[in-house]
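The primary structure of each chain is shown beneath.
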Amino acid sequence: MTDNIAAGTPTSDTPSSVDGYVGDPAVRAEWDNRYADRQQLWSGRPNGALVAETAGLTPGRVLDVGCGEGADAVWLARNGWDVTAVEVSGVALERAAGHARDADLAVRWVHAALTEAMLPPASFDLVSAQYPALLRTPDAAAERALLAAVAPGGVLLLVHHAGMDTQHANDSGFDPADYVWPSMVTALLDDDWEVEVNEQRPRVAPEGGAGAHHTDDLVLRARRLR
């Protein structure tokens, strides 16, 4: 992993400022508001699927997509991974960086949308996207960004809540058609990829935090062969 992910990349323990954010300001504001509404949004513990699916992997360079308040990033760093974490919310990144400092762990924090983060291509041994809110576009930009980040021999781990992709748009403004789901990523996999896991299974959920009511996961684990 290069030290300079992009111009203005933050230091290992401090997220970039709001002025350095790269992405849609409306998306940043939406997620900043969600995080600012609570002192802690998530459980503070690593996602169960991440823990299970990385158990047999040799630590290397990892990209944590949509890192939130940093529980996965901190856990990965504690377990020997060289972590780069991307997040649209500056509020969440400040919390995440604080948790890493408290644990005396180094993480590269990138305040950007995945599609705008200017990450070095094919550079990560693991790309982890745990329940990401990636906006769908006609050119499949987010899906392609996930795949492009994985190094040859590396793994893409995409985990999402089962059943959400088939829901109807609701009064809160959530429309599944607006977001990327594992099946959309799977559809882009070619002979350069080997699907190791593609299944729905009971969720191993940390106690507390938003999203704790979801009971089943969709888990896609694919290895890039070349």
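Conventions we followed
- Residues numbered from 1 in each chain as written.
- Predicted model: local features only at pLDDT ≥ 70, side-chain atom pairs only at ≥ 80, totals over all residues.
- Heavy atoms only, no water.
- Helix = DSSP H or I, 4+ residues; strand = E, 2+ residues; numbered from the N terminus.
- Buried < 20%, exposed > 50% of the residue type's maximum accessible area, 1.4 Å probe, protein only.
- Contact = heavy atoms within 4.5 Å.
- Areas by Shrake-Rupley, 256 points an atom, 1.4 Å probe, with all protein chains shown as cover.
- Axes fitted to C-alpha atoms, helices over the stretch in contact; angles between N-to-C directions.
- Parallel < 35°, antiparallel > 145°, perpendicular 65-115°, else oblique.
- Nonpolar A, V, L, I, M, F, W, Y, C, P; charged D, E, K, R; others polar.
- Pairing = 2+ DSSP bridges.
- Phe/Tyr/Trp six-rings, centres within 6.5 Å; stacked < 30°, edge-to-face > 60°.
- Lys NZ or Arg CZ within 6 Å of the ring centre and 35° of its normal.
- Core = buried A, V, L, I, M, F, W, Y, C linked by side-chain atoms within 4.5 Å.
- pLDDT = per-residue confidence, 0-100.
- Salt bridge = Lys/Arg side-chain N within 4 Å of Asp/Glu carboxyl O.

**Comments concerning the overall build of the chain**
Then comes step 1: Scanning the chain from N- to C-terminus turns up six helices and seven strands.
Then comes step 2: In the chain, the order of α-helices and β-strands from amino to carboxyl end is α-α-β-α-β-α-β-β-α-β-α-β-β.
Then comes step 3: Counting over 226 residues, the chain shows a buried share of 50%.
Then comes step 4: Intrachain contacts of the chain at a sequence separation of at least 6 include 75% that bridge at least 24 residues.
Then comes step 5: Surface summary for the chain: the accessible area is close to 10,700 Å², and the carbon and sulfur share equals 48%.

**Side note on the packing of helix H1 (residues 25-36) against helix H4 (residues 90-102)**
The description of two helices packed together rests on the angle between their axes and the distance between the axes.
Then comes step 1: At a closest axis distance of 7 Å, the pairing of H1 and H4 adopts a crossing angle of 55°. One element, H1, and the other, H4, form an angle in the oblique class. Residues Asp 32, Tyr 35 and Ala 36 of H1 lie in contact with H4, whose contacting residues are Gly 90, Val 91, Ala 92 and Arg 95.
Then comes step 2: Split by residue class, the contact of H1 with H4 holds four nonpolar, one polar and two charged.

**A short note on the sheet that holds strand E1 (residues 61-65)**
Then comes step 1: Here we have seven strands laid out as an open sheet, ordered E3-E2-E1-E4-E5-E7-E6, and mixed in their pairing. With partners counted over all chains shown, the strands left at the sheet margins are strand E3 (108-111) and strand E6 (193-202), one partner each. For this sheet, the mean inter-axis angle between neighbouring strands, taken without regard to orientation, is 15°.
Then comes step 2: In terms of strand pairing, E6 meets strand E7 (residues 216-224) through nine bridges, oriented antiparallel. Its bridge partner being in E7, Asn 198 is matched across the sheet by Leu 220.
Then comes step 3: Here helix H3 (residues 71-78) sits on the sheet in contact with E1, strand E2 (82-87), E3 and strand E4 (124-130), set at roughly 170° to E2.

**So, the packing of aromatic side chains**
Then comes step 1: Summed over the entire model, instances satisfying the criterion amount to one aromatic pair.
Then comes step 2: Here the aromatic rings of Trp 31 and Tyr 35 are separated by 6.3 Å at their centres, their planes lie at 40°, and the arrangement is tilted. You can see Trp 31 and its partner Tyr 35 sitting in helix H1, four residues apart, about one turn around the helix.
Then comes step 3: Taking the relative accessible area as the measure of exposure, Tyr 35 reaches 2% and is therefore buried.
Then comes step 4: Lying across the ring of Trp 31, Arg 34 places its NZ or CZ 4.3 Å from the centre.

**Examining unusual backbone geometry**
Then comes step 1: With a phi angle near 50°, Ala 122 is a residue other than glycine that sits in the positive phi range.
Then comes step 2: For Ala 122, a relative accessible area of 29% translates into the label partly exposed.
Then comes step 3: Of note, the phi angle at Tyr 131 is positive, near 55°, even though the residue is not glycine.
Then comes step 4: In this fold, Tyr 131 is placed in the loop between E4 and helix H5 (141-149).

**Topic: the nonpolar core**
Then comes step 1: If you look at the biggest cluster of nonpolar residues, it comprises 27 residues, and the most contacted ones within it are Leu 76, Trp 81, Val 83, Val 107, Trp 109 and Leu 126.
Then comes step 2: Elements represented by at least two residues in this core include exactly helix H2 (48-53), H3, E2, H4 and strand E5 (150-161).
Then comes step 3: Those residues in contact with Leu 126, other than ones at most four positions away along the chain, are Thr 54, Leu 57, Arg 61, Val 62, Leu 63, Trp 81, Val 155 and Leu 157.
Then comes step 4: Counting 25 residues, the second-largest nonpolar core is a separate cluster that includes Ala 112, Ala 129, Ala 142 and Leu 146.

**What about the confidence of the model for the chain?**
Detailed reading of the predicted model is not advised wherever pLDDT is low.
Then comes step 1: The share of residues in the chain with pLDDT of 70 or more is 84%, and the mean pLDDT across the chain is 87.
Then comes step 2: Residue range residues 1-12 is modelled with pLDDT below 50. Its contacts to residues more than four positions away, or to other chains, number 30 contacts.

**Quick notes on the pattern of salt bridges**
Then comes step 1: Counted under the stated rule, the structure contains 10 salt bridges.
Then comes step 2: With a closest N to O distance of 2.7 Å, Arg 95 and Glu 69 form a salt bridge. Note that Arg 95 is positioned in helix H4 and Glu 69 in the loop between E1 and H3, a separation of 26 residues in sequence.
Then comes step 3: A cluster of three or more residues bridged by salt bridges with shared partners is formed by Glu 53, Glu 196, Glu 199, Arg 201, Arg 221 and Arg 223.

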